[in-house]
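Architecture at a glance
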2 protein chains.
Amino acid sequence: MCGPMQGAIVGAIVWEGWAQDDAGARKLVESGAVRCEPCHDHGAVGPMAGIISPSMPVWIVRDGEHGHRTFSNLNEGLGKALRFGANGPAVLTRLEWMTTKLRKVLAAAFEISGPIELKPLMAQALHMGDEVHNRNAAATSLFLKKLAPALLKSKASRSDVAEAIAFIAGNDHFFLDISMAACKAMTDAARGIPLSSVVTAMARNGVEFGVRVSGAGSRWFTAPAPLVDGLYFPGYSIADAAPDLGDSAITETAGLGGFAMAAAPAIVNFVGGTADDAIANTTQMGHITLGRNSAFTLPAMSFAGTPAGVDARRVVDTGICPVINTGIAHKEAGVGQIGAGITRAPLDRFAKAVSALAAELPAE
Amino acid sequence: MCGPMQGAIVGAIVWEGWAQDDAGARKLVESGAVRCEPCHDHGAVGPMAGIISPSMPVWIVRDGEHGHRTFSNLNEGLGKALRFGANGPAVLTRLEWMTTKLRKVLAAAFEISGPIELKPLMAQALHMGDEVHNRNAAATSLFLKKLAPALLKSKASRSDVAEAIAFIAGNDHFFLDISMAACKAMTDAARGIPLSSVVTAMARNGVEFGVRVSGAGSRWFTAPAPLVDGLYFPGYSIADAAPDLGDSAITETAGLGGFAMAAAPAIVNFVGGTADDAIANTTQMGHITLGRNSAFTLPAMSFAGTPAGVDARRVVDTGICPVINTGIAHKEAGVGQIGAGITRAPLDRFAKAVSALAAELPAE
């Protein structure tokens, strides 16, 4: 396991109260007393280290058409956060507040509001400069606007509501985890189509980068995770970075994030490059997708839909690899985020997936 | 006076309680018992009909460097609104609620928050798809995010706070009037420079379009207001429209609105044209301004500043007329908004202003 994932697991174990300290937590994992499994095996997605332990609250996103549900955890904000491998007292205290207070306040609001429709909200955010992966400034604001009246009508106390609103209003990435769960709900709808080479998941764990295609079930086609040549926070460089990490590439799998960068020219301040690069990335991704999502339109490209439905065969045919916007974690446990950037899913794992599907073809 | 302005004045007079009905209100104006003066003569700006009567609450914007203050009224939302000349019971009831409840709730919040800095908020909105004239979706959200924690900490009752937040969250144009007062604060800072041909105000009243330049004090250079060939709501056409109307062209005067359309490609759904037109408008405006505002950057144009400081001489030299995004009111009193579009400030009034300045030049 990479450093930030180790940091997040240790933090989660101490926070759960299963161990007194880091050393005790490490022993529990090494002995097998605490088991670690991929989020995707539980219908979930977690950004960066992506650790969800049993006591953590989760978002539940439901596909209204097919009925399946997906899950993600609540976003802690940037910098020193468990998902980036930080696990100090401030991180665990915030996690405790999110689990006790924030969860209850949100649950009380949802009792009033009922489910919130995510697709129109995400579509609107694309018209407001977000690509709903590394830029969720508009989506978070829109979500808060939807939820605030229900928060105020709920049974939660005024000071708890004020604290919750201040936390959400102060974290432009709050919507990220919701976006990820929504994207997994969309891509899960494409699972299990015999022989289909449509990509249903891309995920990284700081060691390997894995790809799933529809026709190959839950099998991961993996290769080493790349380093990210992005914009590093002052004092850090690529030498400090963990390799590419997290389930958040589910947004690109669904045609958002790096695929929808044309919607979000301002993101280049965060991930690097120019506004022209952002348009070029979206244009290029149109060559490896099966179509465009007419629900998510891009004003800067004459309202064309986002390129959606990555076809592993098209990736291999064109040599164009999926572009992914991503945060960058320090390679050591306990530090946290040190930058953000743009990376690519390397070619060979798509080739592996296509070969595996080919092997299943009936003999002629 | 044009129809919508008559409708708004009649509505304001009835709402103030100075007359029992429309006929009584008309008599008060015709007799001179109620005097009408331009907002700009009172440091104020009002969108569309722009009527501010003595009991209406106003935003106060202060130029921190020069100390001058500007004012605008509170935004009622789209469609049937006093500023579009509608004046039925629903319009006056909402105006009463805004004056009694909303004003008090906002005042209580500002007691907690203190003044809110507008320039960074507007700059952020430009990175979120607004041009802060006809598109204020992001700016309104950002403003609400700033204000919500203070609203909750204020002495206002929970139900009043809930009502205020629901109203603001439901009106993406709520920030418009604040943007206008901020723009006037910026352009007022350029007033009174001897012989300067920089434009300090553009305003329309549905009959005339007026331009002020810095070197000519408070003199208006006027010409007939044009009709707007925009996107009309179903059932309406240009034949139903009042000529161009309102003080909101102060946003273009400050280099925002039509001048910053490159920030807001999605606005073409509301005002017409294509995303390429939006970029082209901003590019073209760069030929008639004295510089660019480095505080307001445009991601889609490699973070170039908005073209700012319209020079009447450059308008006349190039024949390029300032582009203005605008709402469109029905030509008859009492109806309201029927569309939105893009118009141009015609050339001859800038020529008039330049001639007037030339007449003041010392003889050689």
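Residues numbered from 1 in each chain as written. Chains lettered and ligands numbered in written order. Predicted model: local features only at pLDDT ≥ 70, side-chain atom pairs only at ≥ 80, totals over all residues.

**Comments concerning the overall build of chain A**
- Regarding its fold elements, chain A presents twelve helices and eleven strands.
- A compact globule built from 364 residues would reach a C-alpha radius of gyration of about 21 Å, and chain A, at 20 Å, matches this within 12%.
- Taking the principal axes of the C-alpha coordinates as reference, chain A spans close to 65 × 50 × 45 Å.
- The buried share of chain A, taken over its 364 residues, is 55%.
- Taking the contacts inside chain A whose residues are at least 6 apart along the sequence as the reference set, 67% of them involve residues at least 24 apart. (Helix = DSSP H or I, 4+ residues; strand = E, 2+ residues; numbered from the N terminus. Rg over C-alpha atoms; globule rule 2.2 N^0.38 Å. Buried ≥ 20, exposed ≤ 12 C-beta atoms within 10 Å, placed from the backbone. Contact = placed C-beta atoms within 7 Å.)

**Overview of the interface of chain B and chain A**
- At the junction of the two partners, chain B supplies 26 residues and chain A supplies 26 residues.
- At the level of elements, helix H5 (137-153) and helix H6 (158-169) of chain B are the ones that each hand at least two residues to the side of chain B that touches chain A.
- The element contributing the most residues to the side of chain B that touches chain A is H5(B), with ten residues.

**Considerations on the sheet that holds strand S4 (residues 208-213) of chain B**
Residue and element names in this part refer to chain B.
- Strand order in the open sheet formed by four strands is S5-S4-S3-S7, and the pairing between neighbours is antiparallel. With one partner strand each, in any of the chains shown, strand S5 (221-224) and strand S7 (245-246) form the two edges of the open sheet.
- The sheet contact formed by strand S3 (residues 199-205) and S7 spans two bridges and is antiparallel. Residue Arg204 lies in a different strand from S7, and its bridge partner there is Gly246. (Pairing = 2+ DSSP bridges.)

**Description of helix H12 (residues 348-359) of chain B**
All names here are of chain B.
- If you check H12, its first and last C-alpha atoms are 16 Å apart, about what twelve residues at 1.5 Å a residue would give, namely 16 Å.
- Buried residues of H12: Arg349, Phe350, Lys352, Ala353 and Val354, and no others.
- Buried residues in H12 make contact with S4, S5 and helix H11 (312-318). (Expected span 1.5 Å × (residues − 1).)

**Quick word on the sheet that holds strand S3 (residues 199-205) of chain A**
- Taken in spatial order, the four strands line up as S5-S4-S3-S7 (chain A) in an open sheet, and their pairing is antiparallel. The sheet is open, and its two borders are formed by strand S5 (221-224) and strand S7 (245-246) of chain A, each paired with just one other strand.

**A few points about the environment of B:Val228**
Residues and elements named next belong to chain B.
- Mapping Val228 onto the fold places it in the loop between S5 and strand S6 (231-232).
- What makes Val228 buried here is the crowd of 28 C-beta atoms within 10 Å.
- Separated by 100 residues in the primary sequence, Val228 and Ile328 place their C-alpha atoms 7.2 Å from one another.
- Sequence-distant contacts of Val228, that is, excluding residues within four places in its chain, are made with Ala241, Asp244, Thr326, Ile328, Gly341 and Thr343.

**Topic: unusual backbone geometry**
Residue and element names in this part refer to chain A.
- Despite not being glycine, Met48 has its phi angle at roughly 50°, a positive value.
- Within the secondary structure layout, Met48 lies in the loop between helix H2 (22-30) and strand S1 (58-62).
- Phi is positive for Phe303, which is not a glycine, with a value near 65°.
- With respect to the helices and strands, Phe303 occurs in the loop between strand S8 (289-298) and strand S9 (304-310).
- Overall, Phe303 belongs to the partly exposed group, with 16 C-beta atoms counted inside 10 Å.

**Observations concerning the domain arrangement of chain A**
All names here are of chain A.
- Domain parsing of chain A yields domain 1 (3-179) and domain 2 (190-360).
- The interface of domain 1 with domain 2 comprises 36 residues on the first partner and 38 residues on the second.
- Every element with two or more residues in the side of domain 1 that touches domain 2 is listed here: helix H1 (3-16), helix H4 (119-126) and helix H7 (176-188).
- Residue classes in the side of domain 1 that touches domain 2 are distributed as 17 nonpolar, 14 polar and five charged. (Domains from an automatic or database assignment. Nonpolar A, V, L, I, M, F, W, Y, C, P; charged D, E, K, R; others polar.)

**Some remarks on the packing of H5(B) against H6(B)**
Residue and element names in this part refer to chain B.
- Close contact between H5 and H6 brings their axes to 10 Å; oriented N to C, the two are set at 175°. With respect to H6, the axis of H5 lies roughly antiparallel. Counting all contacts with H5, which are made through Thr140, Leu144, Ala148, Leu151 and Leu152, the residues of H6 involved are Val161, Ala164, Ile165, Ile168 and Ala169.
- Residue composition of the contact of H5 with H6, grouped by class: nine nonpolar, one polar and no charged. (Axes fitted to C-alpha atoms, helices over the stretch in contact; angles between N-to-C directions. Parallel < 35°, antiparallel > 145°, perpendicular 65-115°, else oblique.)

**What about the relation of the copies chain B and chain A?**
- Overlaying chain B on chain A yields an RMSD of 0.0 Å, the required transformation being a rotation through 180° with an accompanying axial translation of 0.0 Å. Given the turn and translation reported, the copies of this chain are related as if by a two-fold rotation axis. Minimal C-alpha separation from the rotation axis in chain B is found for B:Met128, amounting to 2.2 Å.
- Taken as a fraction of all interface residues of chain B, those also at the interface in chain A reach 100%, which identifies the copy contact as same-surface. (Least-squares fit on C-alpha atoms with pLDDT ≥ 70 in both.)

**Structural notes on the packing of helix H3 (residues 89-113) of chain B against H5(B)**
Residue and element names in this part refer to chain B.
- It is the contact of H3 with H5, at a shortest axis distance of 8 Å, that shows an interaxial angle of 100°. In this view, H3 runs roughly perpendicular relative to H5, as classed from their interaxial angle. Where H3 approaches H5, its residues Val105, Ala109, Ile112 and Ser113 are matched on the opposing element by Leu147, Ala150, Leu151 and Lys153.
- Its residues assigned to classes, the contact of H3 with H5 comprises six nonpolar, one polar and one charged.

**Points about helix H12 (residues 348-360) of chain A**
- Its 13 residues place the ends of H12(A) 19 Å apart at the C-alpha level, agreeing with the 18 Å of an ideal helix rising 1.5 Å per residue.
- As for H12(A), its buried residues are in contact with strand S4 (208-213), S5 and helix H11 (312-318) of chain A.

**Some details on the pairing of strand S2 (residues 69-73) of chain A**
Residue and element names in this part refer to chain A.
- A large share of S2 lies buried, amounting to four of its five residues.
- Sheet topology note: the S1/S2 ladder contains five bridges and is antiparallel. Looking at the pairing, Val61 lines up with Thr70 of S2.

**Describing the pairing of S9(A)**
Residue and element names in this part refer to chain A.
- With five of seven residues buried, S9 is to be regarded as a mostly interior element.
- As judged from the six bridges shared by S8 and S9, these two strands associate in the antiparallel manner. The residue bridging Gly291 from the neighbouring strand is Ala308, located in S9.
- Where S8 folds back onto S9 in an antiparallel hairpin, the turn is made up of five residues, including Ser302, whose phi is positive at roughly 55°.

**Topic: the environment of B:Ile13**
Residues and elements named next belong to chain B.
- With respect to the helices, strands and loops of the structure, Ile13 is situated in helix H1 (residues 3-16).
- Put simply, Ile13 and Leu28 are 15 residues apart on the chain and 8.7 Å apart in space, counted from C-alpha to C-alpha.
- When neighbours within four sequence positions are excluded, Ile13 is seen to be in contact with Trp18, Ala19, Ala25, Leu28 and Val34.

**A look at the confidence of the model for chain A**
- Residues at a pLDDT of 70 or more form 100% of chain A, whose mean pLDDT is 95.
- This prediction of the complex comes with two scores: 0.93 for pTM and 0.89 for ipTM. (pLDDT = per-residue confidence, 0-100.)

**Here's the deal with the environment of A:Leu82**
Residues and elements named next belong to chain A.
- Mapped onto the elements, Leu82 comes out in the loop between S2 and helix H3 (89-113).
- A residue is classified by how many C-beta atoms lie within 10 Å of it, and Leu82, with 30 of them, is buried.
- Expressed as a C-alpha distance, the spacing of Leu82 and Met98, which sit 16 residues apart in the sequence, is 13 Å.
- Setting aside residues up to four positions removed in sequence, Leu82 forms contacts with Ala8, Gly11, Ala12, Ala49, Ile51, Glu76, Asn87, Val91 and Leu95.

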